[in-house]
Amino acid sequence: MFYQLIYRSRVARHVRFADAQHIAERASQRNASAEISGLLLYTPTHFLQLLEGEKSKVKATFARIAGDQRHTDVEVVAEREIQARSFGDWGMRAVMPRQDTSAEAIQALDEDGALQLLLHAR
């Protein structure tokens, strides 16, 4: 059994996709040792991120992420127990959505919509 957490946040004005890629590269190394996998979706206005792994490790990772200055208004969209990972072999990867995703659309995402957007973006 694994734990999955999805959150969204507002990207700080100075953060660009190259920054998100750098964040994901560093996180991938750290996450590998904690056995956490996931995906970081970047839009010019928001991050949407999924973390999965052992519950205590995911929560500790999220607590560290929530305090990062590169985003604000951090909000958990979903938390749940899962049988299998959706991003099992990815320590972390940054992607941009394949479709236009407005700030309003990201803000309106519920648990299912957020998960589907992340799965579609991989």
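Just so we're clear, the structure is a prediction, and the values are computed from it rather than from any experiment.

Procedures and definitions
Residues numbered from 1 in each chain as written. Predicted model: local features only at pLDDT ≥ 70, side-chain atom pairs only at ≥ 80, totals over all residues. Heavy atoms only, no water. Helix = DSSP H or I, 4+ residues; strand = E, 2+ residues; numbered from the N terminus. Expected span 1.5 Å × (residues − 1). Bend = angle between axes of the 7 residues up to and from the residue. Contact = heavy atoms within 4.5 Å. Salt bridge = Lys/Arg side-chain N within 4 Å of Asp/Glu carboxyl O. Buried < 20%, exposed > 50% of the residue type's maximum accessible area, 1.4 Å probe, protein only. 1 Å grid on protein atoms, 1.4 Å probe; cavity = no way out; pocket = protein on both sides within 12 Å on 5 of 7 lines; lining within 4 Å. Points joined across faces, edges and corners; volume = space filled by probe spheres on them. Nonpolar A, V, L, I, M, F, W, Y, C, P; charged D, E, K, R; others polar. Core = buried A, V, L, I, M, F, W, Y, C linked by side-chain atoms within 4.5 Å. Phe/Tyr/Trp six-rings, centres within 6.5 Å; stacked < 30°, edge-to-face > 60°.

Asks: What exactly am I supposed to notice about helix α1 (residues 17-34) here?
Replies: A turn of α-helix holds 3.6 residues, and therefore any two residues three or four places apart point the same way. Taking 1.5 Å per residue, 18 residues should reach 26 Å; α1 reaches 25 Å between its end C-alpha atoms and fits that length. At Ser 28, α1 shows its strongest bend, of approximately 30°. Turning to α1, the residues buried within the fold contact β2 (37-42), β3 (46-53), α2 (55-66) and β5 (94-95). After α1 finishes, the residue Glu 35 shows a positive phi value of roughly 60°.

Asks: In this structure, what is going on with the pattern of salt bridges? I would like to understand it.
Replies: Two side chains that carry opposite charge are able to pair once their charged atoms sit near each other. Per the counting criterion, the structure on display carries four salt bridges. Taking the shortest distance from any N to any O, the salt bridge between Glu 75 and Arg 8 comes out at 3.2 Å. Of this pair, Glu 75 sits in strand β4 (residues 71-82) while Arg 8 is found in strand β1 (residues 2-11), placing the two residues 67 residues apart along the sequence. Looking at Glu 75, the relative accessible area reads 34%, which means it is partly exposed.

Asks: Looking at this structure, I do not really get the environment of Gln 4. What am I missing?
Replies: When you line up the elements, Gln 4 lands in strand β1. Sequence separation of Gln 4 and Ser 37 is 33 residues, and the distance between their C-alpha atoms is 9.5 Å. In contact with Gln 4, other than residues within four places in its own chain, are Leu 50, Leu 51, Glu 52, Ala 78, Glu 79, Arg 80, Ile 82, Ser 86 and Leu 115.

Asks: Explain the layout of surface pockets here, please?
Replies: Gaps left between atoms show up when a probe the size of a water molecule is rolled over them. Considering only enclosed or pocket space, the largest pocket measures out at about 320 Å³ in volume. Around the largest pocket sit 17 residues that line it, and Ile 23, Arg 30, Ile 65, Asp 68 and Arg 70 are the ones nearest its centre. When residues of the lining of the largest pocket are traced back to their parent elements, those giving at least two are α1, β3 and α2. The greatest single-element share of the lining of the largest pocket, amounting to six residues, is contributed by α1. Its residues assigned to classes, the lining of the largest pocket shows seven nonpolar, five polar and five charged.

Asks: Please clarify how the environment of Lys 55 should be interpreted in this entry.
Replies: Positionally, Lys 55 belongs in helix α2. In this view, Lys 55 contacts Tyr 3 and Glu 81; residues no more than four positions away in its chain are not counted.

Asks: Please clarify how the nonpolar core should be interpreted in this entry.
Replies: When a protein is soluble and globular, its nonpolar side chains tend to lie buried together. The biggest cluster of nonpolar side chains holds 21 residues, and the ones touching the most others in it are Leu 40, Phe 47 and Leu 51. Contributing elements (two or more residues each) for this core: β1, α1, β2, β3 and α2. For this core, the leading source of residues is α1, giving five residues. In contact with Leu 40, other than residues within four places in its own chain, are Tyr 7, Ala 20, Ile 23, Phe 47, Leu 48, Gln 49, Met 92, Arg 93, Ala 94 and Val 95.

Asks: How do you make sense of the packing of aromatic side chains when you look at a structure like this?
Replies: For any pair of aromatic rings, the description consists of the separation of the ring centres together with the inter-plane angle of the planes. Evaluated as defined, the whole model comprises three aromatic pairs. Here Tyr 7 and Phe 62 contribute two aromatic rings whose centre-to-centre distance is 5.4 Å and whose plane-to-plane angle is 50°, an arrangement assigned as tilted. Note that Tyr 7 is positioned in strand β1 and Phe 62 in helix α2, a separation of 55 residues in sequence. Phe 62 gets classed as buried once you look at its relative accessible area, which sits at 15%. Counting every residue linked through ring pairs, the aromatic cluster contains Phe 17, Tyr 42 and Phe 47.

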